[in-house]
Amino acid sequence: MLAGSANWSLAAAETLLGDLPPQETVWLSDRGAAPHRLPLGGGNKLLGREVGCLVYDAHSGFDPNSFGAALGALRGGGLLLLLTPPIDRWPQIRDPQAARVAVHPFSADQVKGRYLRRFARVLTAARGVVVMRQAGPIPALDLSLRAPLPPVPRSAGDCRTPDQEQAVEAVIKTARGRAYRPLVLTSDRGRGKSSALGIAAARLLADTERHILVTATRRASVEPLFHHAARLLPDAEVHRNRIEHGAATLEFLPPDRLSQAPPAADLLLVDEAAGIPAPLLERLLSRYSRVVFATTVHGYEGTGRGFEVRFRRTLDRQTPGWRELRLHAPIRWAADDPLEACAARALLLDAAPVADTEVAGARVETCRFEHLDRDTLAEDEPILSQLFGLLVLAHYQTRPMDLRHLLDGPNVRIYALKHAGQVAAAALVAIEGGFDSELARDIFEGRRRPRGHLLPQTLSTHAGIEEAPELRYARIVRIVVHPAVQDRGLGRRLLDGILEDVRTQGMDLAGASFGATAELLRFWERCGFPPAHLGTSRNAASGAHAAVVLCPLTPAGESLRTLAVERLGERLTTLLGGPLRDLEPELAACLIRNSSTKAPEPDAREWRELHAFAFALRPWEAALPPIFKLTAARLGEALRTGLLTQIQRDLLIAKVLQHRDWGETAALVRTSGRAEVIARLREAVGALLGRFAPNAQPSDSRRRM
C-alpha cells in the first residue's frame, strides 16, 4: 500500500517499479499518465491472463468488482501495488466510485465511508501487506517479503497439475459415458477449472464430430476455456463464440438463448454455474443428457456456496447418479498465498453463514428481531461475515460491490433474526420513491430515471401508473433464512418485523422484484404480496421475467396496489398472445389466478358454439373466438376453485391464450399430436361449461372426442 497524495503515490509506484526486474505490469487507473493502463473498471479484461505486477490506483476510486477480478491474474511471486489516499483520511475523502452507491436524491459526497474504513483496517492488519506512508524519501521495497511461488508439480500433457488432469478426464468421461450423470466441478479461484474445460473440449473435438455447447452469464468468463481449446487445436477455425474443427464444434450461447430455444448438443459445459439461477439450471439439466457444471466456491462470479445449497437437492432428485470433483491445488500461486487470503477477507469472498449447530435450536420464540446499526456492523467482523454469507445465498449473482452497497448505501436498511446472538435470518431493504408530482410525471414520460428506485419506476414506466413514484416503498432486496432452520416460520417472522418497522417510518408499500418462478410467486402470495407486474422480456442472465409483488401499508398504498393488480389482469390476456407467448403455463396460471378483472362473458350464441365444440360437433378453428372469450372471462376463477386438471390448465393457456402451434403445445403437455390436443381441449372447455354456462348442460351420453 502506497498511502499518500495522488502525485506522491504515483511517483512512488514508478520508483518501485523501476527497481524491479522487467516484467509485465498492468495499471488499473482512470489517470491518463499511467503506462500500460486499463480503466479502473477494466479488471474483467484480465480474465485468463497472467501478470507479474498489478498497480491499482484507488485515487481514481475503489471498484471492488474490478479489484477482485484483477487479482486473479497476478501470479505467485508477483506484486500488487495499491495506491491509496492517507489511510486515516481515506474513508472521509470523496471517492469517485461512491456515485455507484448513491441513490437519488443523495450525492456521492453523502455516502458514508464504512466500507473503506473496514477495507483499510483488514488490509493493513493482513499478512504480506507492506504499508508505505508519505513521509520523506521513498524506501526501497524489501522483495524478500513477497510470497514466492513454489514449484508446482506438473501433470503429463497439457495440464498444469494432477488436479487439473483429473478434472479433464472426468469431463471426457461425462461426454463419453452414460447419460444423465452430470459432473459438478468446484474450486476456489486460480485452480484451472475453466482451463480444464477448454482442454477437455479440445481433446473431444480432436477425435470426434461432437457439438459442444458452453454457457455462462458473461462471455468474458469463458475466455480461458476458449483460449485453451484454440491453443490445442491449431488447425481449427476460430471465431469469437465458436471453434470449428472439421465437423466438430465448440460454441458459446448465453443462458437465456439456451432457455428459449435449446439447440441439440452432445455435451453442455456450464461455467460459473453459481451465477445462473437454479430454475434455469434445472431446465438445462432436464434438456441435456450430458452436462458439466463448473463453479467457483469463493469468488466474484456468483456464490458457489449458494449453488451448493440450492442445487444439490435438484441434482439428487433429477439425476441421482451425478458426480462431484473438487480442485484444490492452485495453478498461478501457492496454496498458502497471503494475497489470496487477504483478498478473500477484505472483499468477504469467504463469507459464510454461522455453523448449523450454532442456530439448530432457533424457533420463532427464541429469535430476536433487530434493525441493525451499520456503524456497529462494520466493526463486528463475525456478525458481518455471517450476515453477508446468508445474503449471498438469497441471490444467484453476488459481487464484491454488494458489500459496499450494504454498508454505505444511503437508502439501505438491514434486518436480522438472531438466535443466541447468531444470525438465523437476514434481509436487505431499500427505501424508494417519495418524489414530487413533477418528477413523477417526468419518470412516466421517460424524461428522467433517478438512480436506485426500482419499484416506483417499474410501476410508472412499465405498468403505466403515473402517480407510482409519489408513494414511498420499502423494497425487500433480499431475504433469507439459514438453511439449517428453514420451514420453521422464521422468514415470515422476519417479514412481519420489517413490515411493522417500515410502516412506522411512513412507507406506503412494501414490495419486491425478482426473477419470476411459480414457487416464488406462491411464497410471496402466502405472505400477502400478490403479483402486481410482470416484465415482458427475459433477463439475459437469469432467463426469467422480472415480477413485482406489493403489500400495502397505508390507504394510499392499498389503492395503488389494487390498481396495479387490476391493470396486470387487464393486460395479461393481450400480453400472453404477444411478448409473453413463451411464458411457462404454470407461471401464467399464478398470475391469472390472482387476477380479479372481469372480461366479457360469451353471449347466448357463443354459449351454443361452445357446447358444440365441447361435444365434438364443431371444429377447433370455428370455435376459437368463443373459446378465447370464455377462457379470458373464467379461467382465473376456475384456477382458484381447482376446477381444472394441470393438463387442462396448461392447454387453455398455451393454445387458447398464447396461440402456440400444435407441435409445441403437444410437446408441452406430452401428448401424441394435434388430435389428442383437441380432444383434451374439448374436455377442458366442457369442464368450464359445466361450472359457468347459464343453461342446462348436454347429457353425458353425448359423444366426446
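Each value, and the rule that gives it
Residues numbered from 1 in each chain as written. Predicted model: local features only at pLDDT ≥ 70, side-chain atom pairs only at ≥ 80, totals over all residues. Heavy atoms only, no water. Patch = residues over 30% accessible without salt bridge, like charges linked within 9 Å, V, L, I, M, F, W, Y side chains within 5 Å. Areas by Shrake-Rupley, 256 points an atom, 1.4 Å probe, with all protein chains shown as cover. Salt bridge = Lys/Arg side-chain N within 4 Å of Asp/Glu carboxyl O. Lys, Arg positive; Asp, Glu negative; His and termini not counted. Charge placed at Lys NZ, Arg CZ, Asp CG, Glu CD. Helix = DSSP H or I, 4+ residues; strand = E, 2+ residues; numbered from the N terminus. Pairing = 2+ DSSP bridges. Axes fitted to C-alpha atoms, helices over the stretch in contact; angles between N-to-C directions. Disulfide = S-S within 2.5 Å. Buried < 20%, exposed > 50% of the residue type's maximum accessible area, 1.4 Å probe, protein only. Expected span 1.5 Å × (residues − 1). Contact = heavy atoms within 4.5 Å. Parallel < 35°, antiparallel > 145°, perpendicular 65-115°, else oblique. Left-handed = near helix turned anticlockwise from the far one by under 90°. Polar contact = N/O pair within 3.5 Å; in protein donor to acceptor, adjacent residues only side chain to side chain. Core = buried A, V, L, I, M, F, W, Y, C linked by side-chain atoms within 4.5 Å. Nonpolar A, V, L, I, M, F, W, Y, C, P; charged D, E, K, R; others polar. pLDDT = per-residue confidence, 0-100. Phe/Tyr/Trp six-rings, centres within 6.5 Å; stacked < 30°, edge-to-face > 60°. Lys NZ or Arg CZ within 6 Å of the ring centre and 35° of its normal.

1. Brief notes about a negative patch on the surface
Together, Asp436, Glu438, Glu466, Glu467 and Glu470 make up a region of like negative charge exposed at the surface. One can find glutamate 438 in helix α15 (residues 437-444).

2. Things to note about the sheet that holds strand β2 (residues 25-28)
One open sheet accounts for six strands, arranged β3-β2-β4-β5-β1-β6; its pairing is parallel. The two strands at the open ends of the sheet, each matched to only one other strand, are β3 (37-38) and β6 (132-133). As defined by bridge partners, β2 adjoins strand β4 (residues 51-57) across four bridges and the pair is classed as parallel. The residue of β4 that forms the bridge with tryptophan 27 is valine 55.

3. As for the sheet that holds strand β16 (residues 412-419)
Read across the open sheet, the seven strands follow the order β15-β16-β17-β18-β19-β21-β20; overall the sheet is mixed. This sheet does not close on itself; its edge strands, each paired only once, are β15 (367-371) and β20 (531-538). The mean inter-strand angle of the sheet, taken between neighbouring strand axes irrespective of direction, is 25°. Two strands pair when backbone bridges link them, and strand β19 (residues 509-515) and strand β21 (residues 545-552) are joined in this way by seven bridges, in the antiparallel orientation. Paired with glycine 511 across the strands is leucine 550, a residue of β21.

4. Some points on the state of the cysteines
Each disulfide is one covalent bond, formed between the sulfur atoms of two cysteines. Counted under the stated rule, the structure contains zero disulfides. Unpaired in this structure, cysteine 551 has its nearest cysteine sulfur neighbour in cysteine 527, at a distance of 9.3 Å.

5. With respect to the pattern of salt bridges
Side chains carrying opposite charge are able to pair once their charged atoms draw close together. For the coordinates displayed, the defined rule picks out 47 salt bridges. The closest approach of N and O atoms between arginine 176 and aspartate 207, which form a salt bridge, is 2.6 Å. On the criterion of sequence distance, the pair formed by arginine 176 in helix α4 (residues 162-176) and aspartate 207 in helix α5 (residues 193-207) is long-range, its members being 31 residues apart. Looking at arginine 176, the relative accessible area reads 47%, which means it is partly exposed. Here the salt bridges do not stand alone but share partners, grouping Arg118, Arg121, Arg345, Asp350, Glu379 and Glu381 into one network.

6. Things to note about the environment of proline 137
Within the secondary structure, proline 137 sits in the loop between β6 and α4. Judged by relative accessible area, proline 137 falls into the exposed class, the value being 74%. For proline 137 and valine 549, which are 412 residues apart along the polypeptide, the C-alpha to C-alpha distance reads 60 Å.

7. Some thoughts on α4
Because each turn of an α-helix spans 3.6 residues, side chains separated by three or four positions end up pointing in the same direction. Look at α4: 21 Å from first C-alpha to last across 15 residues, which is about the 21 Å you get at 1.5 Å a residue. Buried within α4 are the following residues: Asp163, Gln164, Glu165, Ala167, Val168, Ala170, Val171, Ile172, Thr174 and Ala175. Looking at the buried positions of α4, the neighbouring elements they touch are β7 (183-187), α5, β12 (267-270), β13 (291-296) and β14 (323-327).

8. As for the packing of helix α13 (residues 381-391) against helix α14 (residues 401-408)
For any two helices packed against each other, the geometry comes down to the angle between their axes and how far apart the axes lie. Two elements in contact, α13 and α14, have axes whose closest approach is 12 Å; the angle formed by their N-to-C orientations is 120°. In terms of their interaxial angle, α13 and α14 are classed as oblique. The handedness of the crossing between α13 and α14 is right-handed. Contacts between α13 and α14 involve Leu384, Leu387, Phe388 and Leu391 on the former and, on the latter, Asp402, Leu403, Leu406 and Leu407.

9. Remarks on the side chain of arginine 478
Of note, arginine 478 is situated in strand β18 (residues 472-481). Taking the relative accessible area as the measure of exposure, arginine 478 reaches 11% and is therefore buried. Of the polar contacts made by the side chain of arginine 478, one reaches the backbone oxygen of leucine 391; its length is 3.5 Å.

10. With respect to the nonpolar core
Counting 79 residues, the largest nonpolar core has Trp524, Phe529 and Leu681 as its most contacted members. Per-element accounting of this core gives the leading share, eight residues, to helix α25 (residues 674-692). Other than its neighbours up to four places away in sequence, leucine 681 contacts Phe613, Trp620, Leu651, Leu652, Lys655, Val656 and Trp662. By size, the runner-up hydrophobic cluster in this structure holds 57 residues, among which are Leu82, Trp90, Leu349 and Val423.

11. Comments concerning unusual backbone geometry
A cis amide bond, omega 5°, links histidine 104 with the succeeding residue proline 105. Structurally, proline 105 can be placed in the loop between β5 (74-84) and α3 (114-124). Positioned with a positive phi, alanine 420 is a non-glycine residue whose angle comes to about 50°. Within the secondary structure, alanine 420 is located in the loop between β16 and β17 (422-433). In this model, histidine 659 sits at a positive phi of 55°, which is unusual for a non-glycine residue.

12. So, the environment of phenylalanine 252
Within the secondary structure layout, phenylalanine 252 lies in strand β11 (residues 248-252). Since its relative accessible area comes to 9%, phenylalanine 252 is described here as buried. Between the alpha carbons of phenylalanine 252 and threonine 215 there is a distance of 5.7 Å; along the sequence they are 37 residues apart. Beyond its immediate sequence surroundings of up to four residues, phenylalanine 252 is in contact with Val214, Thr215, Ala216, Arg218, Arg219, Val222, Phe226 and Asn241.

13. Focus on the packing of helix α23 (residues 646-657) against helix α24 (residues 662-669)
Across the interface, α23 lies against α24 with an axial gap of 10 Å and an inter-helix angle of 155°. For the element pair α23 / α24, the angle class is roughly antiparallel. With respect to the hand of their crossing, α23 and α24 are arranged in right-handed fashion. Where α23 approaches α24, its residues Ile647, Asp650, Leu651, Ala654 and Lys655 are matched on the opposing element by Trp662, Thr665, Leu668 and Val669. Tallied by class, the residues present in the contact of α23 with α24 amount to six nonpolar, one polar and two charged.

14. What about the confidence of the model for the protein?
On average, the protein scores 90 in pLDDT, and the residues at 70 or more come to 93%. Mean pLDDT per element in the protein: helix α9 (residues 304-318) is the minimum at 74, and β16 is the maximum at 98. Taken together, the stretch residues 300-304 has pLDDT below 50 and engages in 34 contacts with residues farther than four places along the chain or on a different chain. A low-confidence stretch, residues 696-705 (pLDDT under 50), is modelled with 15 contacts involving residues beyond four sequence positions or located in other chains.

15. Let's talk about the packing of aromatic side chains
Scanning all chains against the criterion turns up 15 aromatic pairs. Relative to phenylalanine 62, the ring of tyrosine 56 has its centre 5.6 Å away and its plane inclined at 65°; by these criteria the two rings are edge-to-face. A single burial state applies to tyrosine 56 and to phenylalanine 62, both of which are buried. When the centroid spacing of 4.5 Å and the interplanar angle of 45° are considered together, the rings of phenylalanine 62 and phenylalanine 119 count as tilted. Residue phenylalanine 62 is found in the loop between β4 and α2 (64-71), and its partner phenylalanine 119 is found in helix α3; the two are separated by 57 residues along the sequence. You'll find phenylalanine 62 and phenylalanine 119 in the same group, each marked buried. Its guanidinium or amino end placed over the ring of tryptophan 662, lysine 655 lies 3.9 Å from that ring's centre, counting from NZ or CZ. Directly above the aromatic system of phenylalanine 613 lies the positively charged group of arginine 682, at a separation of 4.6 Å from the ring centroid.

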